[in-house]
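Letter by letter, the chains look like this.
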Amino acid sequence: MDFEVATLCCHSGKPLAKGSAKQVLCLASANKFDKFSDYAEAAHVYRRYGSPNTKELGDAIALLEGGESGLACSSGMGAILAALLAVCKRGDVLVAPRDPYGGTYDLLVNDFDRFGISVRLEDVLDLVRLDATLSELYAAATAGVSGRIAVFVETFSNPLVKVADIPAISKLCKKYGCVLIVDNTFGTPVQLKPLKQGADMVVHSATKFLGGHNDAMAGALVGSSEYVTSAAGIVARWGLAASPFDSWLVLRGIQTLKVRIQRQWQSASILSQRLSAHPLPLRVHAAQGCSIVALEVPNGLDGAAAAIDAFQMITLCPSLGGVTTTVSHSASSSHSFLPRDQRIALGITDGLLRISVGLEHVDDIWADLERGIFAAAATSHPGR
Ligand SMILES: *Cc1c(COP(=O)(O)O)cnc(C)c1O
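What you see is a predicted model; the values in this text were computed from it and never measured.

A short note on empty space enclosed by the protein
Any space left empty among the atoms is revealed by the rolling of a water-sized probe across them.
Next, step 1: Throughout the structure, instances matching the rule amount to 3 cavities of 30 Å³ or more.
Next, step 2: Within this model, the largest cavity holds a volume of roughly 110 Å³.
Next, step 3: Along the walls of the largest cavity sit Pro-97, Arg-98, Asp-99, Glu-122, Asp-123, Val-124, Leu-125, Val-153, Glu-154, Ser-157, Lys-162 and Leu-346, which together make up its complete lining.
Next, step 4: Here the residues of the lining of the largest cavity sort into 5 nonpolar, 1 polar and 6 charged.

Quick notes on the side chain of Ser-157
Next, step 1: By the element assignment, Ser-157 lies in the loop between strand E4 (149-154) and helix H7 (166-175).
Next, step 2: Of the residues examined, Ser-157 reaches a relative accessible area of 7% and is grouped as buried.
Next, step 3: Leave out the neighbours within four places in its chain, and Ser-157 touches Lys-162 and Phe-186.

A look at the side chain of Thr-326
Next, step 1: Summarising the element assignment, Thr-326 is placed in strand E11 (residues 326-328).
Next, step 2: The class of Thr-326 is buried, set by a relative accessible area of 3%.
Next, step 3: Discounting residues that sit within four places of it in the chain, Thr-326 has contacts with Asn-214, Ile-314, Thr-315, Cys-317, Ser-319, Leu-320, Arg-354, Ile-355 and Ser-356.

Brief notes about the site of the ligand
Next, step 1: The full set of residues close to the ligand is Ser-75, Gly-76, Met-77, Ile-80, Tyr-101, Asp-183, Thr-185, Phe-186, Ser-205, Thr-207, Lys-208 and Ala-218.
Next, step 2: One of the side-chain N or O atoms of Asp-183 is found 2.7 Å from a nitrogen atom in the ligand.
Next, step 3: Burial of the ligand by the protein amounts to 94% of the accessible area it has alone, namely 380 Å².
Next, step 4: A per-element tally of the shell around the ligand places helix H4 (residues 76-87) first, with 3 residues.
Next, step 5: Looking at side-chain class alone, the shell around the ligand contains 5 nonpolar, 5 polar and 2 charged residues.

A closer look at the UniProt feature "modified residue: N6-(pyridoxal phosphate)lysine" (unreviewed entry) in the chain
Next, step 1: The sites that carry the UniProt feature "modified residue: N6-(pyridoxal phosphate)lysine" (unreviewed entry) are, in the present numbering, Lys-208.
Next, step 2: The contacts of Lys-208, once residues within four sequence positions are left out, are Tyr-101, Thr-185, Ser-319, Leu-320 and Gly-321.

Here we look at unusual backbone geometry
Next, step 1: Of note, the bond from Asn-158 into Pro-159 is cis; its omega dihedral lies within 30 degrees of zero at 5°.
Next, step 2: Residues other than glycine seldom take positive phi values, yet Asn-299 does so here, at roughly 70°.
Next, step 3: Among the structural elements, Asn-299 can be located in the loop between strand E9 (292-296) and helix H12 (300-310).
Next, step 4: For Asn-299, a relative accessible area of 26% gives the class partly exposed.

Cut-off values and rules
- Residues numbered from 1 in each chain as written.
- Predicted model: local features only at pLDDT ≥ 70, side-chain atom pairs only at ≥ 80, totals over all residues.
- Heavy atoms only, no water.
- 1 Å grid on protein atoms, 1.4 Å probe; cavity = no way out; pocket = protein on both sides within 12 Å on 5 of 7 lines; lining within 4 Å.
- Points joined across faces, edges and corners; volume = space filled by probe spheres on them.
- Nonpolar A, V, L, I, M, F, W, Y, C, P; charged D, E, K, R; others polar.
- Helix = DSSP H or I, 4+ residues; strand = E, 2+ residues; numbered from the N terminus.
- Buried < 20%, exposed > 50% of the residue type's maximum accessible area, 1.4 Å probe, protein only.
- Contact = heavy atoms within 4.5 Å.
- Near = heavy atom within 4 Å.
- Polar contact = N/O pair within 3.5 Å; in protein donor to acceptor, adjacent residues only side chain to side chain.
- Areas by Shrake-Rupley, 256 points an atom, 1.4 Å probe, with all protein chains shown as cover.
- UniProt positions renumbered as here; feature names shortened; annotations may be inferred.

Right, dumping it as structure tokens:
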């Protein structure tokens, strides 16, 4: 039966332990066997290959994303690495955004060379440009100059929440025979199901919205059994499996995913309207369905620092997607890897604050935001 996502979330995780109404935390690093014949049939022999808790989490996320199979990993980065290595091999080309999540950028720029996989960073949201790039790479691949092409995109860009048109991107990928991998961390399966829109694989930082309480680190990948089996081999060999306790926490978090996401983005849309109508000129970046709001306060770095220091409730925290509202300063954290000119050209200015809207009352969040904005404005002095 096809259940709505709220129902799937509440019932997430089929407890694998017999007779228990809820998931049982299983910390054992290996199974024991009374009979040799049992050993051959066992699914989870040794924890590096997965545990009952990681299996429950992988299955639950696969169900939410509408994928054939899913796998829980130690972190979002672990999931991204395993997913990309499952589809790319030596000689292949990976097309990815110029301004992805900072950890993804580091991975692509520092490590993919080692595998002989070339990385092409592009404005993947510009469909005309993407078409031209894929067409050029396709010609090189058919001429035998390079291997397969894979495309990696994020559903909402970080921190400016630009929306990726997944159906259009996937159409281009099909045109040129490319594999499409989508990071749906910001979208979550509550808002978006990239596999249903033509993507081949979805990856998540479950550390963020899926876990939702800033107390667990995990990742997940979902796709066809073929890709997931290939990724599972990488996860086992490289030691990238999720820990049982983190899996257990994320699965607990998922049960309230839909109500959290809905409430967070309702508040985000109220706040972005109020920010846009503010008498001070603030540049606001927000997107339908996303509870991340980016806000450019006056007076650059000084303004951003003053706002962060003036917040009484909103905490500076380099993560997102939890129950409390947090702020991060992208220029000095997630996007500090970009040369300044390039970063500013992308719109990630020194005064830009990324707000992850939490579950507090919207008026309390607003009061704190205003406190920060006025503090930012007060840093200006003649001659600056
Ligand atoms: C945080 C994040 C990641 C990395 O996830 P970790 O769990 O920190 O390894 C990847 N993609 C996006 C969009 C993220 O926000």
